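Structure assessment
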Amino acid sequence: MAEVDPAARTAPAALAALQQGARRLAHALGAPASGWEVEVAATLDSTNAELLRRARAGVTRPTVLAAAAQTAGRGRRGRPWVTLPGQSLAFSVGLPLAPADWSGLSLVVGVAVAQALPTGVRLKWPNDLWWQGRKLGGILIETAGAAGSGSRYAVIGVGVNLATPALPPDAALDALPPAGLHELPGTAVDPGAWLAVLAPAVVQAVRRFEQDGFAPWQARYGALDALAGRPVRTSDGVEGVADGVDADGALRLRTAQGLRRVQAGEVSVRPC
Ligand SMILES: O=C(O)CCCC[C@@H]1SC[C@@H]2NC(=O)N[C@@H]21
């Protein structure tokens, strides 16, 4: 098991590591000539919230924004997301996007991030990153711009635990404590190094999704699907056995009443 670098626990060290990663990331994205901006903040309320504020103010440059700490980090379904310096990686990718169909975008990002992390990281539908049945990270996608008008500004937030994270106030809802990358054998926990690996993987995947939609990702999702074949219960009380995802990213559930499709955003799903 890799040790957490004690230096990475301090806020200045975590910030310096992120800044170093941001330089490598800028190079990988061809910034600034390519139009990409790469920024690192010591503290923000939320990297997603900041990019959405900018988009609503008319600033829609493609941007990767990372923060060493978030004071009001947010997760899916209105949950808080704790980001302490050196304990977790938090970044958002913001870009104008105009796919023919938005369905499955969050699953595509999950696949891209899971594939870029060490082998063994899997996905709990729709896009929780799991390590041995415990939550290692998550993805929150938000958009700004008129719904239905071709292009919207998409903000893709990624949070990955590096060390064992502080528990959020609603931790009791989770059956098991979260996991951190420090638990994965031989895995470095430098937030800057992971920023430089994960952000380009997200950008590339989102660009492909914009062209080709979710269908080409369905099989890749299946290979990482941690729920496949397991009995699960949705937050609105439906029980069934998870049976993969459809070509639009909907979760297939085999229930006593027949096959049900569950759309991301409608409900949450837990193994039972
Ligand atoms: O699993 C979830 O509920 C999604 C968590 C997403 C957290 C990331 S951290 C970077 C970005 N900024 C936020 O406020 N949230 C996302």
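In this report, the structure presented in the accompanying data block is examined. (Residues numbered from 1 in each chain as written. Predicted model: local features only at pLDDT ≥ 70, side-chain atom pairs only at ≥ 80, totals over all residues. Heavy atoms only, no water.)

Topic: the nonpolar core
Formed by 62 residues in total, the largest nonpolar core has its most connected members in Phe91 and Leu195. If one sorts the elements of this core by residue count, helix H4 (residues 191-212) sits on top with 9 residues. There are two domains that each give this core at least three residues, and those are domain 1 (6-223) and domain 2 (227-271). Contacts of Leu195, omitting those with residues within four sequence positions, involve Leu18, Gly21, Ala22, Leu25, Val64, Ala66, Leu89, Phe91 and Pro200. Counting residues in hydrophobic clusters, the runner-up holds 10 residues, among them Ala41, Leu51, Ala55 and Leu65. (Core = buried A, V, L, I, M, F, W, Y, C linked by side-chain atoms within 4.5 Å. Buried < 20%, exposed > 50% of the residue type's maximum accessible area, 1.4 Å probe, protein only. Helix = DSSP H or I, 4+ residues; strand = E, 2+ residues; numbered from the N terminus. Domains from an automatic or database assignment. Contact = heavy atoms within 4.5 Å.)

Overview of the site of the ligand
Close to the ligand lie 20 residues, the nearest being Ser46, Gln70, Arg74, Arg76 and Lys135. The side chain of Thr47 places a nitrogen or oxygen atom 3.1 Å from a nitrogen atom of the ligand. Note that a nitrogen atom of the ligand is positioned 2.9 Å from one of the side-chain N or O atoms of Gln70. Contact with the protein chains covers 98% of the free accessible surface of the ligand, which is 410 Å². Within the residue set of the shell around the ligand, elements represented by two or more residues are helix H2 (47-56), strand S3 (88-97), strand S6 (134-144) and strand S7 (152-161). The element contributing the most residues to the shell around the ligand is S6, with 4 residues. A breakdown of the residues in the shell around the ligand according to their chemical character gives 6 nonpolar, 10 polar and 4 charged. (Near = heavy atom within 4 Å. Polar contact = N/O pair within 3.5 Å; in protein donor to acceptor, adjacent residues only side chain to side chain. Areas by Shrake-Rupley, 256 points an atom, 1.4 Å probe, with all protein chains shown as cover. Nonpolar A, V, L, I, M, F, W, Y, C, P; charged D, E, K, R; others polar.)

Here we look at the sheet that holds strand S10 (residues 251-255)
One open sheet accounts for 5 strands, arranged S11-S10-S9-S8-S12; its pairing is antiparallel. The open sheet is flanked by strand S11 (258-262) and strand S12 (269-271), the only strands paired with a single partner. Between one strand axis and the next, the sheet turns through 45° on average, direction left out of account. Across 3 bridges, strand S8 (residues 231-234) lies against S12 in antiparallel orientation. Bridging from a neighbouring strand, Thr234 pairs with Val269 of S12. (Pairing = 2+ DSSP bridges. Axes fitted to C-alpha atoms, helices over the stretch in contact; angles between N-to-C directions.)

Description of the pattern of salt bridges
The final tally for this structure, using the stated rule, is 16 salt bridges. With its nearest N and O atoms 2.9 Å apart, the salt bridge here joins Arg53 to Asp45. What makes Asp45 partly exposed here is its relative accessible area of 26%. Among the charged side chains, a network of salt bridges with common partners joins Asp243, Asp246, Asp248, Arg252, Arg254 and Arg261. (Salt bridge = Lys/Arg side-chain N within 4 Å of Asp/Glu carboxyl O.)

The analysis is restricted to geometry; functional conclusions fall outside its scope.
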